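# Secondary and tertiary structure notes
In case you want the letters, here they are:
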Amino acid sequence: MVSLMTTTLILGASGYIGRHLFNGLSSNGFDVIGTYCKNKFANFANFDLENMEIGAFVEGLGVGNIKYLVILAARNANIDDSKRFWKEVHCANVEKVKEVVDYCVQNNIIPIYASTDNVFSGKKGKYAEEDRREPLNCYGRIRYEVEDCIMRSAKKYVILRMGKVFGVEVNDGTFITDMVSSINRGSGLSYAVDQVFTPLYVEDFIDALKGIITNGYSGIFHLASMKPLTRYELATDICNFFNFRKGDIVPCKINSLGLLDARPLRIDLDITKYKAMTGFNEKGIEHYLNLIAGNKAERL
């Protein structure tokens, strides 16, 4: 077991996932330091991944017992922008992150890297941790390169692969709550029938990190909160749950939407390894829609 007093440093704690992770760890007795780049947050330290040196930054913190370093920091962290701004995105999210990984290796710090289901080609589906990685898009290629760096150089590491991360708070900017709002007010909305994926609830991500740090786990782990589904199935479930008009949603193929970079199709993750370690079980989409409905009612 790892002591809760071991310090965990989160690069990119000012983002959606990072804020939840920081709050989840600190409220459970973990000693945690969060960073921000441009959006200032009280009690967070300023760290600009692209323009600051990680060693000097950590030394300036005056903390001598950092055991884990969580890498969430990313520039233009979506699929199309990864291709549109490839040179800049690759520099920030690969070359600069490799410097962070090297620092971890040199200072006996365990890197925890938030990766993606997009490291896979999408030809197979139900991907296990050891399956062959063949990214189709620039976004997946970036994560693939960092994963390789970590696995090559670090004796002990944590790589977490996940699909789309979602929350249940109204207007939280995550994709399921956005879908609920869009379907409620719109019509003719297109949702893909051919991309199968496994979304991850942000609180399940936090629970996974707490368990990994507390128990000293290392390696690659796939995380998901529900069984595989498509966006069209999810949209249909939303319509059924909230009594929205099903005629407002239109089935389509994901790569027919004029997207800049290719989307892999069958990228659902097999979480058998994580379930065997923790006893975790996926929940149905209705569970999360109930939470969203409850939050909507509170807002009203």
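Now for a description of the structure that goes with this document. What you see is a predicted model, and the numbers here were worked out from it, not measured in a lab.

### Digging into helix 8 (residues 231-242)
Between its first and last C-alpha, helix 8 extends 16 Å over 12 residues, near the 16 Å set by a 1.5 Å rise per residue. Turning to helix 8, its buried residues number three or more, namely Arg231, Leu234, Ala235, Thr236, Ile238, Cys239 and Phe242. Two residues or fewer after helix 8 comes asparagine 243, characterised by a positive phi angle close to 60 degrees.

### Thoughts on unusual backbone geometry
The phi angle at asparagine 43 is positive, at roughly 70 degrees, despite the residue not being glycine. Here asparagine 43 shows up in the loop between strand 2 (31-36) and strand 3 (45-46). Looking at asparagine 43, the relative accessible area reads 74%, which means it is exposed. The backbone of asparagine 108 sits at a positive phi, close to 60 degrees, despite the residue not being glycine. Within the fold, asparagine 108 resides in the loop between helix 4 (86-106) and strand 5 (110-114). By relative accessible area, asparagine 108 is classed as exposed at 60%.

### What about the side chain of arginine 133?
Among the structural elements, arginine 133 can be located in the loop between strand 5 and helix 5 (138-153). Among the polar contacts listed, one links the side chain of arginine 133 to the side chain of glutamate 147, at a separation of 3.2 Å. Within polar-contact distance, the side chain of arginine 133 engages the side chain of aspartate 148 at 2.6 Å. In contact with arginine 133, not counting residues within four places along its chain, are Val119, Phe120, Tyr144, Glu147, Asp148, Met151 and Arg161.

### Examining the sheet that holds strand 3
Here we have seven strands laid out as an open sheet, ordered 3-2-1-4-5-6-10, and parallel in their pairing. For this open sheet the edge positions go to strand 3 and strand 10 (219-223), each flanked by a neighbour on one side alone. Each of strand 1 (7-11), strand 2 and strand 4 (66-71) touches helix 1 (residues 16-26); the most contacted strand, strand 2, lies at about 160 degrees to it. Sitting on the sheet, helix 5 is in contact with strand 5, strand 6 (158-162) and strand 10, with an inclination near 165 degrees to strand 5.

### Here's the deal with helix 2 (residues 54-61)
Residues of helix 2 that are buried: Ile54, Gly55, Phe57 and Val58. The arc that holds the buried residues of helix 2, viewed along the axis, is 160 degrees, so those residues lie on one side. Exposed positions of helix 2 whose direction lies more than 90 degrees from the buried face are Glu59 and Gly60. Taken together, the buried residues of helix 2 touch strand 1, strand 2, strand 3, strand 4 and helix 4.

### A closer look at the side chain of threonine 198
Examined against the element boundaries, threonine 198 turns out to sit in the loop between strand 8 (189-192) and strand 9 (200-201). A polar side-chain atom of threonine 198 sits 3.1 Å from the main-chain amide nitrogen of leucine 269. Dropping the residues within four chain positions of it, threonine 198 is found in contact with Gly163, Ala224, Met226, Lys227, Pro228, Ile267, Asp268 and Leu269.

### So, the packing of aromatic side chains
Overall, the coordinates contain 12 aromatic pairs when judged by the stated rule. Relative to phenylalanine 44, the ring of phenylalanine 41 has its centre 5.5 Å away and its plane inclined at 20 degrees; by these criteria the two rings are stacked. By relative accessible area, phenylalanine 44 is classed as buried at 13%. Clustering of aromatic rings is evident, with ring pairs tying together Phe166, Phe175, Phe197, Tyr201 and Tyr288. For lysine 124, the ring lying beneath its charged end belongs to tyrosine 127, and the centroid distance is 5.1 Å.

What counts, and at which threshold
Residues numbered from 1 in each chain as written. Predicted model: local features only at pLDDT ≥ 70, side-chain atom pairs only at ≥ 80, totals over all residues. Heavy atoms only, no water. Helix = DSSP H or I, 4+ residues; strand = E, 2+ residues; numbered from the N terminus. Expected span 1.5 Å × (residues − 1). Buried < 20%, exposed > 50% of the residue type's maximum accessible area, 1.4 Å probe, protein only. Polar contact = N/O pair within 3.5 Å; in protein donor to acceptor, adjacent residues only side chain to side chain. Contact = heavy atoms within 4.5 Å. Pairing = 2+ DSSP bridges. Axes fitted to C-alpha atoms, helices over the stretch in contact; angles between N-to-C directions. Arc of directions from axis to C-beta. Phe/Tyr/Trp six-rings, centres within 6.5 Å; stacked < 30°, edge-to-face > 60°. Lys NZ or Arg CZ within 6 Å of the ring centre and 35° of its normal.

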